[in-house]
Amino acid sequence: MRLAKLAESLADSATLRLNATAARLKAEGEPVIHLGGGEPESPAPAAAVRAARELLDKGTVKYTATPGIPMLRQTIASQVEQEFGRPTKQAEVLVTAGAKPAIYAALVAVLDPGDEVVFPSPFWVSYPEMVRLAGGVPVPVTAVDGGFEPRIEDIEAALTDRTRMMILNSPNNPSGAVYSEGLVAAVVELCERRGLFLLADEIYRRLVFDGRTAPGALCYSRESGDEGRVILVDGVSKMFGMTGFRVGWAVASRRVIEVMGNIIGQTMSCASAVGQVAALAALREESSYVEELRRDLQGRRDLLVRELATIPGVRLTPPAGTFYSMPDFSAIAPASEPLSAFLLQHTRVVTVPGKDFGCEGHLRISYCGPAADVVEGIRRIRWALDQSSPQEIEFGGRVHVRDWDAPV
Ligand SMILES: Cc1ncc(COP(=O)(O)O)c(C=O)c1O
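Basis of the calculations
Residue positions are given per chain, counting from 1 as you read along its sequence in written order. Note on the predicted model: pLDDT of at least 70 is required for a residue's local features to be given, and 80 or more for side-chain atom pairs to be given and counted; whole-chain, interface and lining totals, by contrast, use all residues. Computation of side-chain values: all heavy atoms of the structure, hydrogens and water removed. What makes two strands pair is DSSP finding at least two bridges between them. A run of DSSP states H or I qualifies as a helix once it reaches four residues; a run of E qualifies as a strand once it reaches two. Both are numbered from the N-terminal end. Interaxial angle, 0 to 180 degrees, is taken between N-to-C directions of lines fitted to C-alpha atoms, where a helix line uses only the stretch in contact. Throughout, a residue-residue contact means that at least one pair of heavy atoms, one from each residue, lies within 4.5 Å. The salt bridge criterion pairs a side-chain nitrogen of Lys or Arg with a carboxyl oxygen of Asp or Glu, the two atoms within 4 Å. Think of it in three bands: residues with accessible area under 20% of the maximum for their type are buried, residues over 50% are exposed, and the middle band is partly exposed, with areas taken using a 1.4 Å probe on protein chains only. Given a helix with a known number of residues, its expected span is that number minus one, times 1.5 Å. For each domain, the first and last residues come from an automatic or database assignment. Once two parts are put together, the accessible area they lose, assessed with a 1.4 Å probe and summed over both, is termed the buried area. Pairing of N or O atoms within 3.5 Å defines a polar contact, subject to two protein rules: one partner must be a possible hydrogen donor and the other a possible acceptor, and residues neighboring in sequence count only if both atoms are side-chain atoms. Residue classes follow a fixed rule: Ala, Val, Leu, Ile, Met, Phe, Trp, Tyr, Cys and Pro count as nonpolar, while Asp, Glu, Lys and Arg count as charged, and any other residue, Gly among them, counts as polar. Working definition: residue near molecule or strand if any one of its non-hydrogen atoms lies within 4 Å of it. We get accessible surface area from the Shrake-Rupley algorithm with a probe of 1.4 Å; when it comes to residues, only the shown protein chains can shield them. When an angle is under 35 degrees it counts as roughly parallel; over 145 it counts as roughly antiparallel; between 65 and 115 it counts as roughly perpendicular; any other value is oblique. Crossing handedness is read from the near helix: turned anticlockwise from the far helix by less than a right angle, it gives a left-handed crossing, and turned clockwise, a right-handed one.

1. Quick notes on the sheet that holds strand 2 (residues 93-96)
Right, on to step 1. The 7 strands are arranged 2-8-7-6-5-3-4 in an open sheet whose pairing can be described as mixed. The strands lining the two open edges of the sheet, one partner per strand, are strand 2 and strand 4 (137-142). Adjacent strand axes in the sheet meet at a mean angle of 20°, parallel and antiparallel pairs treated alike.
Right, on to step 2. Where strand 6 (residues 197-201) meets strand 7 (residues 230-235), 4 bridges bridge the pair, whose relative direction is parallel. Bridged to Leu-198 within strand 7 is Val-230.
Right, on to step 3. Strands strand 3 (116-121), strand 4, strand 5 (163-169) and strand 6 of the sheet are contacted by helix 6 (residues 126-133), whose axis makes an angle of about 150° with strand 4.

2. Notes on the pattern of salt bridges
Right, on to step 1. Tallied over the entire structure, the rule returns 26 salt bridges.
Right, on to step 2. The partner of Arg-382 in a salt bridge is Glu-307, with the nearest N and O atoms 3.0 Å apart. Placement of the pair is Arg-382 in helix 13 (residues 371-385) and Glu-307 in helix 11 (residues 287-308), with a sequence separation of 75 residues.
Right, on to step 3. The exposure class of Glu-307 is buried, given its relative accessible area of 11%.
Right, on to step 4. One salt bridge in this structure joins Arg-380 and Glu-376, with 2.8 Å as the shortest N-O distance. One end of the pair, Arg-380, and the other, Glu-376, are both in helix 13, 4 residues apart, so they sit about a helical turn from each other. Just as Arg-380 is buried, Glu-376 falls in that class too.
Right, on to step 5. Here the residues in one salt-bridge network are Glu-156, Glu-189, Arg-193 and Arg-194, joined through shared partners.

3. Notes on helix 5 (residues 99-110)
Right, on to step 1. Over its 12 residues, helix 5 runs 17 Å from end to end, which matches the ideal 16 Å to within 8%, given 1.5 Å per residue.
Right, on to step 2. Along helix 5, the positions that sit buried rather than exposed are Ala-99, Pro-101, Ala-102, Ile-103, Ala-105, Ala-106, Leu-107 and Val-110.

4. So, the domain arrangement of the protein
Right, on to step 1. Under the domain assignment used here, the protein contains domain 1 (5-43 + 288-401) and domain 2 (46-286).
Right, on to step 2. Just the C-alpha atoms count here: the centres of domain 1 and domain 2 sit 27 Å apart.
Right, on to step 3. In this assembly, 34 residues from domain 1 lie in contact with 31 residues from domain 2.
Right, on to step 4. Here domain 1 and domain 2 share an interface that buries about 2900 Å² over both sides, 60% of which is from carbon and sulfur atoms.
Right, on to step 5. In this structure, Arg-301 and Asp-210 form a salt bridge, with 2.8 Å as the shortest nitrogen-oxygen distance.
Right, on to step 6. The tally of links from domain 1 across to domain 2 stands at 18 residue pairs in polar contact (both at pLDDT 80 or more).
Right, on to step 7. Taken together, the elements giving at least two residues each to the side of domain 1 that touches domain 2 come down to helix 1 (5-9), helix 2 (14-27), helix 11 and strand 9 (324-325).
Right, on to step 8. With 8 residues, the top contributor of residues to the side of domain 1 that touches domain 2 is helix 11.
Right, on to step 9. When grouped by side-chain class, the residues that make up the side of domain 1 that touches domain 2 number 17 nonpolar, 12 polar and 5 charged.

5. Re the site of the ligand
Right, on to step 1. Contacts to the ligand come from 14 residues, most closely from Asn-173, Asp-201, Tyr-204, Ser-237 and Lys-238.
Right, on to step 2. A distance of 2.8 Å separates an oxygen atom of the ligand from a polar atom in the side chain of Asn-173.
Right, on to step 3. Within the contact set of the ligand, an oxygen atom lies 2.8 Å away from a side-chain nitrogen or oxygen of Arg-246.
Right, on to step 4. Taking 400 Å² as the accessible area of the ligand by itself, protein coverage stands at 93%.
Right, on to step 5. In terms of residue count, helix 5 provides more of the shell around the ligand than any other element does, 3 residues in total.
Right, on to step 6. Here the shell around the ligand is composed, by residue class, of 6 nonpolar, 4 polar and 4 charged.

6. A short note on the sheet that holds strand 9
Right, on to step 1. If you walk across this open sheet you meet the 3 strands as 9-12-11, and the pairing is antiparallel. What marks the edges here is a single partner per strand, and that holds for strand 9 and strand 11 (352-353).
Right, on to step 2. Here strand 11 runs beside strand 12 (residues 363-366); their pairing, made up of 2 bridges, is antiparallel. Each bridged residue has a counterpart across the sheet, and for Pro-353 the counterpart in strand 12 is Leu-363.

7. Some points on the packing of helix 5 against helix 6
Right, on to step 1. Taken N-terminus to C-terminus, the directions of helix 5 and helix 6 make an angle of 40°; their axes are 9 Å apart at the nearest point. In terms of axis orientation, helix 5 runs oblique to helix 6. Note on packing geometry: the crossing formed by helix 5 with helix 6 is right-handed. Residue-level inspection shows Lys-100, Ile-103, Tyr-104 and Leu-107 of helix 5 in contact with helix 6, the latter providing Ser-126, Tyr-127, Met-130, Val-131 and Leu-133.
Right, on to step 2. Looking at the contact of helix 5 with helix 6 residue by residue, the class counts come to 7 nonpolar, 1 polar and 1 charged.

8. Thoughts on helix 4 (residues 70-84)
An α-helical turn contains 3.6 residues, so a residue and the one three or four places further along point in the same direction.
Right, on to step 1. Here helix 4 is 15 residues long and its end C-alpha atoms lie 21 Å apart, about the 21 Å a rise of 1.5 Å per residue gives.
Right, on to step 2. Buried within helix 4 we find Leu-72, Arg-73, Thr-75, Ile-76, Ala-77, Val-80 and Phe-84.
Right, on to step 3. Following helix 4 by one or two positions, Gly-85 adopts a phi angle in the positive range, close to 65°.

Right, dumping it as structure tokens:
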């Protein structure tokens, strides 16, 4: 059967694939520890569940307006105005079925075939594939010092006549890095000077640790109203633990939102009405939920940092936000895919290969699950990789013996 070449060339989502593998192994009774996840384990905020239930009880669940229910758009606009100090109107907000369609619609709205999109590496796995699907060319920029924040000179050097857009994702999936104010301000200035759109994916914006805050791109923009080139992407998936409700949004100039709305209208109609009323309730009534989640994650981040430090050869830049970390295993095994497969086979711990995020030699390890899983998962990884640890380990009700010298 012949399908479109572009569609056939798309990679499947590594993280969704691993979720499926973990679920299958668990269903088979295997003692799986999932350190590859991408969503908080906590249930959705009570007010969100209540609002969804009330709408379902009425039984009248219909299409909403394509850009979203007015009250939700207005609430998002007011919160953006408050947080970033920029006047924002309802017409500058588009609600979508999760943040993913907002990103995709922004790319389709901006790119002509062959246009380039520049973004720092490591990057979220979906950016390159979505850019390609929208007809563009992804251009990742790696930090020269091997860290997680590239220099503005290196970003600028990656721009060509074909560059139309930059993506900045801070706090960052997969590294957990929160880009410095200097970098965010410089990227906004660069985009405005060169006439580029800036897609600021700030979906982990409030999940930041140690009293820090994440500098938001909109704060540094000197363009406003219809001239604005920043496209802010956000949603309730991560900060409110509401991934399954599928509600995200974009905030941008009226013109960009109008065109993105046409793209969504012709392809997806609108986000689910149930999800939208739930998101509205979360935004209006549940700000303490985010703070509790943030505090919880910071505790688990501390645990992870402490436990990983006990594995010789593993180097970690402690994450400043999100619920991901990107430890460097290259001193133990240079190729992340075989290492991740090895760990799954021998320890039943799920990790995501760094290769998928443009960061070979690293594994993405999440700490959004239970604290006990973080400790147990790292205990098993240490046993598998550290030859000086006891040769036997017990998990899943039986004793396992390490019978290899090197992992791969
Ligand atoms: C950086 C980033 N942006 C966007 C998304 C997509 O969010 P949603 O589930 O709301 O589509 C994710 C999800 O993993 C993400 O990590």
